[in-house]
Amino acid sequence: MEIKYTQILINGEWVNAADGATHTLINPATEEKLCDVASGGAGEIEAAVASSRAALETGAWPKMDGGTRGRLLWKLADLFERDLMEIARLETANQGKPIFESSKIEVPFVASIFRYYAGWADKLGGETIPGIPGFLNYTLREPVGVVGMIIPWNFPLLLTVWKLAPALAAGCTAVIKPSEATPLTALKLGALCLEAGIPAGVVNVVPGRGSVAGQALLDARGVDKIAFTGSTEVGRTVMKSAAGTIKRVSLELGGKSPNIVFADAKLDAAANGACSGIFYNKGEVCAAGSRLFVEKKVHDEFVEMVRGKMTRYSPGDPMDDKTRFGPQVTKQHRDSVLAKVAAGVREGATITIGGKAAAVNGKGFFLEPTILTGVRNDMEVAREEIFGPVLCVIPFSDDDDAVRIANRSQYGLSGAVHSASTERALAVARRIRTGTLSVNGAQWFHVDNPFGGYKQSGVGRENGRLGFEEYLETKVIALPSEAKP
Ligand code: NAD
């Protein structure tokens, strides 16, 4: 396939790293080389931040009214729809996610996010404050400034746009640092921003290693805010580094989300939800329902039902429309998932199905979708992210027991509750400490729904009005007034 953008985008120009560094991308389904991508370092980050700073302080962007910014975001959405299949194929070839997911779900979702935030761009109203006699006080909502965006490899495009669309709507400028493993759709995004007419320098894209380019972005004085998605471990580094210049931070981190199935639930639908909750994007999902809590009296029956539905998730060529289960993103990641499964078995878990590496046409970093039973909530497989297609099944006895063990986690990102009694499901949902909870369904993502974590799953929210607020500062203007109230 033709890959047009493999360089660094700084100030509207495509450049190589000054030291010539590159990173080789391998298609995880075929193990063939895709391309070499320029790998930026501290110098490229410095130049990109300077460009974003200039675009914010002296360029056309800050002078533009919100309505014009909104029209540019709408244009960007149109361009994503025009190039939908090219972008979907890039994402699938680089990340391994099925083309069904990239072309039918994620790229259309991206276009809808740009349109949603296009609507916010001209609604940056403040408020008048009646408090102090003799003054006319009012607030202005202003862009937070230059935003450094650091992105993981599991939803390379979607998680970039969750940040970029509200940031641009607010009038911010951005330096995007995609994951070194999956930079291709972020580079295409940079090209489309220029084509849409967003001024050069408003969006810079610097692929590079986390410890080099990512760290340089965290340390840069010209950056006002870091919007990060990734592991909780690197999230801690982000918070510590941001403290140096008191950057604002929003963090979308790891999860170990509970999926609770009561015996009175519609078990067939709940089994579908359990499968899509863990096997979508081959389990490389922060919000995956990776801990499946099943009421004891239906445990064996329910595990069999889930198992029966897993044929849908057989490893297949991700470029085939019918495939619902692709390879893990890299060999290194595939091996780390296998090592975690093996550690679970050493702690006493049983592999009910799966648990081995797989191949399609003799190639690829595939895994068999896996169920571990006999899991206790204190085992490492239930405490730490596996971030692969591994469902850990844990029995529970009653509502209090389910809530107690579901909440016994350092994470608090997402979850689901299944019961025929809406009253019971809602009561349990209220007691679970996570940012999102679905009742009788898998995780429902929508651009209106604020998404983010409690506890060590993060700080802040993405999507919806709250996702827009993350990119705004509030200024009070106080004007002495002749007119006394
Ligand atoms: P990661 O934390 O290893 O890397 C994320 C990004 O941080 C990458 O761009 C990486 O290059 C960069 N990075 C690494 N070290 C850095 C450093 N010292 N300074 C600055 N940047 C650095 O995560 P990953 O392996 O790419 O992605 C998987 C993780 O992301 C999982 O833990 C998953 O739960 C999490 N995630 C969370 C959400 C959410 O919305 N909560 C969504 C998707 C993924």
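Below: a short report on this structure. (Residues numbered from 1 in each chain as written. Predicted model: local features only at pLDDT ≥ 70, side-chain atom pairs only at ≥ 80, totals over all residues. Heavy atoms only, no water.)

Looking only at helices and strands, the chain features 15 helices and 24 strands. A compact globule built from 485 residues should have a C-alpha radius of gyration of about 23 Å, and the chain, at 23 Å, falls within 12% of that. Expressed as lengths along the three principal axes of its C-alpha atoms, the size of the chain is roughly 75 × 60 × 40 Å. Across the 485 residues of the chain, 57% fall into the buried class. (Helix = DSSP H or I, 4+ residues; strand = E, 2+ residues; numbered from the N terminus. Rg over C-alpha atoms; globule rule 2.2 N^0.38 Å. Buried < 20%, exposed > 50% of the residue type's maximum accessible area, 1.4 Å probe, protein only.)

Right, let's get into the site of the ligand. In the vicinity of the ligand, 28 residues are found, and the nearest of them are I151, K177, S231, L253 and E385. The contact in question runs from an oxygen atom of the ligand to an N or O atom on the backbone of I151, over 2.7 Å. Its free accessible area being 840 Å², the ligand has 89% of it covered by the protein chains. Elements with a contribution of two residues or more to the shell around the ligand: α7 (210–219), β10 (225–229) and α8 (232–242). The dominant element in the shell around the ligand, judged by the number of residues it contributes, is α7, at 4 residues. (Near = heavy atom within 4 Å. Polar contact = N/O pair within 3.5 Å; in protein donor to acceptor, adjacent residues only side chain to side chain. Areas by Shrake-Rupley, 256 points an atom, 1.4 Å probe, with all protein chains shown as cover.)

Relative to each other, helix α1 (residues 42–57) and α7 sit at 35°, their axes nearing to 8 Å. Where α1 crosses over α7, the handedness of that crossing is right-handed. For the pair formed by α1 and α7, the contact residues are A42, I45 and V49 on the first element and V212, A213, A216 and L217 on the second. Taken together, the residues of the contact of α1 with α7 sort by class into 7 nonpolar, no polar and no charged. (Axes fitted to C-alpha atoms, helices over the stretch in contact; angles between N-to-C directions. Left-handed = near helix turned anticlockwise from the far one by under 90°. Contact = heavy atoms within 4.5 Å. Nonpolar A, V, L, I, M, F, W, Y, C, P; charged D, E, K, R; others polar.)

In this section: helix α11 (residues 331–346). For the α-helix, the turn length of 3.6 residues means that residues three or four positions removed from each other point alike. Between its first and last C-alpha, α11 extends 23 Å over 16 residues, near the 22 Å set by a 1.5 Å rise per residue. Close packing links the buried residues of α11 with β14 (350–353), β15 (357–360), β16 (363–367), β17 (370–373), α12 (380–383) and β18 (390–396). Directly after α11, the chain includes G348, whose backbone phi takes a positive value near 120°. (Expected span 1.5 Å × (residues − 1).)

Applying the stated criterion across every chain, the model contains 12 aromatic pairs. Measuring from centroid to centroid gives 5.3 Å for F262 and F396, while their planes differ by 85°, and the two rings are edge-to-face. Taken together, the residues F262 in the loop between β12 (258–261) and α9 (267–279) and F396 in strand β18 connect sequence positions 134 residues apart. For the pair shown, F262 and F396 are each scored as buried. An aromatic cluster of at least three residues, connected via ring pairs, comprises Y116, Y117, W120 and F468. The ring of W74 carries the charged tip of R115 above its face, separated from the ring centre by 4.9 Å. The positively charged end of R424 is found above the aromatic ring belonging to F262, 3.9 Å away from the centroid. (Phe/Tyr/Trp six-rings, centres within 6.5 Å; stacked < 30°, edge-to-face > 60°. Lys NZ or Arg CZ within 6 Å of the ring centre and 35° of its normal.)

Pairing within the open sheet is mixed, and its 7 strands lie in the order β14-β17-β18-β13-β12-β20-β21. The open sheet has two free edges, formed respectively by β14 and β21 (438–439), since each of these has just one partner strand. Note that strand β20 (residues 416–418) and β21 share 2 bridges and pair parallel. Note that in β21 the partner of A416 across the bridge is S438. Set on the sheet, α9 makes contact with β12, β13 (291–295), β17, β18 and β20; between it and β12 the angle comes to about 170°. (Pairing = 2+ DSSP bridges.)

Right, let's talk about the environment of I45 for a bit. You can see I45 is positioned in helix α1. Taking C-alpha positions, I45 is 9.3 Å from N204, a pair spaced 159 residues apart along the chain. Residues in contact with I45, not counting those within four places in the same chain, are V175, V206, A213, A216 and L217.

Quick look at the environment of T24 now. Tracing the chain through its elements places T24 in strand β3 (residues 22–26). With relative accessibility at 39%, the residue T24 sits in the partly exposed group. Considering only alpha carbons, one finds T24 and W162, 138 residues apart in sequence, at a separation of 27 Å. A polar side-chain atom of T24 sits 2.6 Å from a polar atom in the side chain of D36.

As a further point, take the nonpolar core. Counting 93 residues, the largest nonpolar core has F80, F114, L164 and F302 as the members making the most contacts within it. The dominant element in this core, judged by the number of residues it contributes, is helix α5 (residues 158–170), at 10 residues. For F80, the contacting residues outside a window of four places in its chain are I87, V107, V110, F114, L157, L189 and L192. Within the second largest apolar cluster, 26 residues are counted, among which are F262, A349, A382 and I394. (Core = buried A, V, L, I, M, F, W, Y, C linked by side-chain atoms within 4.5 Å.)

Below, the discussion takes up unusual backbone geometry. Despite not being glycine, I246 has its phi angle at roughly 45°, a positive value. Relative to the assigned elements, I246 resides in the loop between α8 and β11 (248–252). Exposure remark for I246: the relative accessible area of 60% places this residue in the exposed category. Its identity is not glycine, yet F387 carries a phi of approximately 60°, on the positive side. By the element assignment, F387 lies in the loop between α12 and β18.

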